[in-house]
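One-letter residues, chain by chain:
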Amino acid sequence: MQIAFCPLFSGSAGNALAVRCGGATVLVDAGVSAVRLIRELTASGTDPCSLTAILVTHEHADHVHGVGVLSRKLDLPVYAAEKTWEAMAPRVGEIAKRNMRVLMPGEDFYLGELNVLPFRTPHDAADPVGYSFSSGACKLTILTDIGCVKNDW
């Protein structure tokens, strides 16, 4: 099974990318408005109604700006670490309880045939994570805003 990804937005004005494998299409971060995300997904050939979930890396506005509206509009589950949920709550607004998914860094889960492994990353956020996606022999790993340099000389 192949894993495909499509960067939609990247930078301090907003971040989002789509990952597709089998029957699952996930959005990693939603850092611009829902209107812009829907427009860009459509332009890239992805039907926004086909999204399976939103996976959040951390709570900064350029990663969560459109999370709440998109979840409400498309009835999408949102996955984030517990401390990230607490920190992003004021930015994303009300999300249906059935769509609030708390993930544990280091514990994998499946979305369709896509295995998702969230892992901790170095960043100035509550509990930032990256995601490693795998299916069969295919693997894709995404890290954002790591900006950490370790000098071990």
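It should be noted that the structure appears before, not after, this text.
What you are looking at is a predicted structure, and each value in this text was computed from that prediction instead of being measured.

So, how was this worked out
- Residues numbered from 1 in each chain as written.
- Predicted model: local features only at pLDDT ≥ 70, side-chain atom pairs only at ≥ 80, totals over all residues.
- Heavy atoms only, no water.
- Helix = DSSP H or I, 4+ residues; strand = E, 2+ residues; numbered from the N terminus.
- Buried < 20%, exposed > 50% of the residue type's maximum accessible area, 1.4 Å probe, protein only.
- Pairing = 2+ DSSP bridges.
- Axes fitted to C-alpha atoms, helices over the stretch in contact; angles between N-to-C directions.

**Q** How should the environment of Leu51 be read in this particular structure?
**A** If you trace the backbone, Leu51 turns up in the loop between α1 (34-43) and β4 (53-55). Overall, the relative accessible area of 7% leaves Leu51 in the buried class.

**Q** Looking at this model, I keep getting lost on the sheet that holds strand β8 (residues 114-120). Mind explaining?
**A** Hydrogen bonds along the backbone pair up the strands of a sheet, which may run parallel or antiparallel. Across the sheet, which stays open at both edges, the four strands sit in the order β7-β8-β9-β10 with antiparallel pairing between neighbours. Looking along the sheet, the strands with just one partner apiece sit at the ends: β7 (109-111) and β10 (138-142). Between one strand axis and the next, the sheet turns by 25 degrees as a mean value, whatever way the strands run. For strand β9 (residues 129-135) and β10, the ladder comprises five bridges, and the chain directions are antiparallel. Each bridged residue has a counterpart across the sheet, and for Ser135 the counterpart in β10 is Cys138.

**Q** Even after reading the chapter, I still don't get the pairing of strand β3 (residues 24-28), so can you show me in this structure?
**A** Side-chain direction in a regular strand flips from residue to residue, so the side chains alternate between the two faces of the sheet. With five of five residues buried, β3 lies mostly within the body of the structure. Burial of the side chains of β3 extends over both faces: Ala24, Val26 and Val28 are buried on one face and Thr25 and Leu27 on the other. Inspection of the sheet shows strand β2 (residues 16-21) paired to β3 by five bridges, in the antiparallel sense. Counted as the bridge partner of Arg20 is Thr25 from β3. Counting the residues that bridge the hairpin from β2 to β3 gives two residues, and of these Gly22 lies at a positive phi of roughly 60 degrees.

Geometric values such as these leave the question of function open.
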